[in-house]
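# An overview of the molecular structure
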Amino acid sequence: MNVYRLPSELKIPAANRSLLERDYERFAKAPWPTPWEAFVLEEYGFDLAGAYAGMPLRNPFGKASGQLSLNAAQVNADGEAGLGFVVLKTVIAQDETGARMMQDWAIKETKMQVEEITGKSGEKGFTVTWKGRGWYDTFEAYLKFMSEALDLGAKYRMLIVPSAKYHLPTTDEFKIAEYRYTTRALQEVWRRKCPGQPMPLEKDFSPTLAGSDRSKQKSTILRWLDTVPRLLKEPATSPADIRTGLKIMNAMFEDAFQCEMLRTVLNAPFKPDFLILFNRLFDPKKEFDGKVGVAYGGPDLSDRNLRTLDAWLEANDSRAPVEFSASGNICSGRMLAEYALRGAASGQIHTYFQLPNSNYRKTEGSKTQKAMHELVFHPHNGLIAVMTHLCETKGVRRFLDIASLARDS
Ligand SMILES: Cc1cc2nc3c(=O)[nH]c(=O)nc-3n(C[C@H](O)[C@H](O)[C@H](O)COP(=O)(O)O)c2cc1C
């Protein structure tokens, strides 16, 4: 089995190329049409709808959980830019008394450094270096923020997803009270704003966790993956009220362990509804601002993620593990398509939404708008360019049909 590969030079007929170049140029200087997906459908004939946690998305581009989704102004700018979904910053779970077993992840740190990075392949990209971790304000403040974000989500038809980090013990018992209290509180906010709809929830397994003493043993990590999906479902009044997604980390072990983690989670007594594949890498030696050991991304991250997904498809008759949202060095429509070719129904982005302005052609608007202009309209690497190629060579016109190409090849 070979995953269908995009050639370095996409097959784009001259007429389509000039249309794309015209739109890329004119939207660099002017606002683009809203809703932009309707424009793409009418002008180019492509249906760019995506999916997340089994729910339809107006398009597959989302913001990944982090420093760019921790206040209402950021979420509003993403709505204006036409994102399909936003995953809110990860909150650290607590019980009804406010106690948090993962307190170490609730530290205040805002200083971030966007840096160029060269992958092992020689490819250049970007990574963000910082010392921070999860949400550092109170849980009540998170619930208020989530409520505001849900209002904005409704305004812009943009799915809003809370994210939490729950207790992960090494050998002792799971602190179930934290799972219960936190999940129920998030659900209460959700129910008020989105009655009758299931709440999607991301459970974060982060790179700093991968690099911590807690993750030294493979057996500990596998125990988490086997148990956590059940603990996330239990507090819900009905399992249908919640869609649970595990954001799987890049563990500090060999590549094959990535697939073993996937196998474990999919054989767990309660399978998660979806996955997020995969969180950033961890460099135990790199020093930043007096701290040794930091997370990183860039080309090595997408290389490892795609390698793992290829190995999974190879071993599983070209079937993707379960519906998943891709994360890791999505810096072009083309990279999103690489993940979609391996089964992704959406892609979530952090780093590409915070590059220096010189990396975007568009001069006006928010960073998200500038980035989206490249991701969608770039004449060589944008999603429309890739869709044009896939339409010419494989007859694909819907983004969500890209995944089926893995099984055709
Ligand atoms: C500064 C920063 C903060 C992050 N914080 C979180 C977080 O709180 N929760 C989480 O699940 N992922 C977090 N991430 C990981 C991102 O959501 C994303 O999965 C990762 O950066 C890979 O995507 P990228 O290559 O587009 O940056 C963070 C990443 C960065 C760079």
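Everything discussed here concerns the structure shown above.
All values reported here derive from a predicted model rather than from experimental measurement. (Residues numbered from 1 in each chain as written. Predicted model: local features only at pLDDT ≥ 70, side-chain atom pairs only at ≥ 80, totals over all residues.)

## Looking at the overall build of the protein chain
If you tally the helices and strands in the protein chain, you get 13 helices and 14 strands. Its C-alpha atoms give the protein chain a radius of gyration of 20 Å, near enough to 22 Å, the size a compact globule of 409 residues would have. Structurally, the protein chain occupies a C-alpha span of about 65 × 45 × 45 Å along its principal axes. A burial count over the protein chain gives 51% of its 409 residues as buried. For the protein chain, the share of sequence-separated contacts (at least 6 apart) that also reach a separation of at least 24 residues comes to 72%. (Helix = DSSP H or I, 4+ residues; strand = E, 2+ residues; numbered from the N terminus. Rg over C-alpha atoms; globule rule 2.2 N^0.38 Å. Buried ≥ 20, exposed ≤ 12 C-beta atoms within 10 Å, placed from the backbone. Contact = placed C-beta atoms within 7 Å.)

## Section: the packing of helix 4 (residues 139-156) against helix 5 (residues 176-193)
Packed helix pairs are characterised by how far apart their axes lie and by the angle those axes make with each other. At a closest axis distance of 10 Å, the pairing of helix 4 and helix 5 adopts a crossing angle of 30 degrees. Between helix 4 and helix 5, the angle falls in the class roughly parallel. Where helix 4 crosses over helix 5, the handedness of that crossing is right-handed. Here Leu143, Met146, Ser147, Leu150 and Asp151 of helix 4 come into contact with helix 5, specifically with Ala185, Leu186, Val189 and Lys193. (Axes fitted to C-alpha atoms, helices over the stretch in contact; angles between N-to-C directions. Parallel < 35°, antiparallel > 145°, perpendicular 65-115°, else oblique. Left-handed = near helix turned anticlockwise from the far one by under 90°.)

## Section: the pairing of strand 11 (residues 281-288)
Note: strand 11 against strand 12 (residues 291-296), five bridges, orientation antiparallel. What sits directly across from Phe282, in strand 12, is Ala295. Between strand 11 and the antiparallel strand that follows it, strand 12, lie two residues; Asp289 among them carries a positive phi value of about 55 degrees. (Pairing = 2+ DSSP bridges.)

## Some thoughts on the sheet that holds strand 7 (residues 159-165)
Taken in spatial order, the eight strands of this closed barrel run 3-4-7-8-9-10-13-14, and their pairing is parallel. Sheet twist, expressed as the average angle between the axes of neighbouring strands with direction ignored, equals 30 degrees. Pairing between strand 9 (residues 242-248) and strand 10 (residues 274-277): four bridges, direction parallel. Paired with Leu246 across the strands is Leu275, a residue of strand 10.

## Quick look at the site of the ligand
Taken together, 26 residues surround the ligand, and among them Ala64, Gly66, Thr90, His350 and Thr351 come closest. Elements represented by at least two residues in the shell around the ligand include exactly strand 4 (85-92) and strand 6 (124-130). Taken together, the residues of the shell around the ligand sort by class into eight nonpolar, 14 polar and four charged. (Near = placed C-beta within 6 Å. Nonpolar A, V, L, I, M, F, W, Y, C, P; charged D, E, K, R; others polar.)

## Comments concerning the nonpolar core
By size, the foremost hydrophobic cluster in this structure holds 116 residues, and its most contacted members are Phe85, Val86, Ala149, Ala340, Leu383 and Ile384. Leu383 has contacts with Leu48, Gly333, Leu336, Ala337, Leu375 and Val376, leaving out every residue within four places of it along the chain. (Core = buried A, V, L, I, M, F, W, Y, C linked by C-beta atoms within 7 Å.)

## Thoughts on helix 9 (residues 299-315)
Spanning 17 residues, helix 9 covers 24 Å between terminal C-alpha atoms, matching the ideal 24 Å at 1.5 Å per step. Along helix 9, the residues that are buried comprise Pro299, Asp300, Leu301, Ser302, Asn305, Thr308, Leu309, Trp312 and Leu313. Positioned one or two residues after helix 9, Asp317 has a phi angle of 55 degrees, which is positive. (Expected span 1.5 Å × (residues − 1).)

## Considering the environment of Arg342
Structurally, Arg342 can be placed in the loop between helix 10 (333-340) and strand 14 (344-349). On the basis of neighbour count, Arg342 is assigned to the buried category, with 26 C-beta atoms found within 10 Å. Along the primary structure Arg342 and Gly365 are separated by 23 residues, whereas in three dimensions their C-alpha atoms are 33 Å apart.

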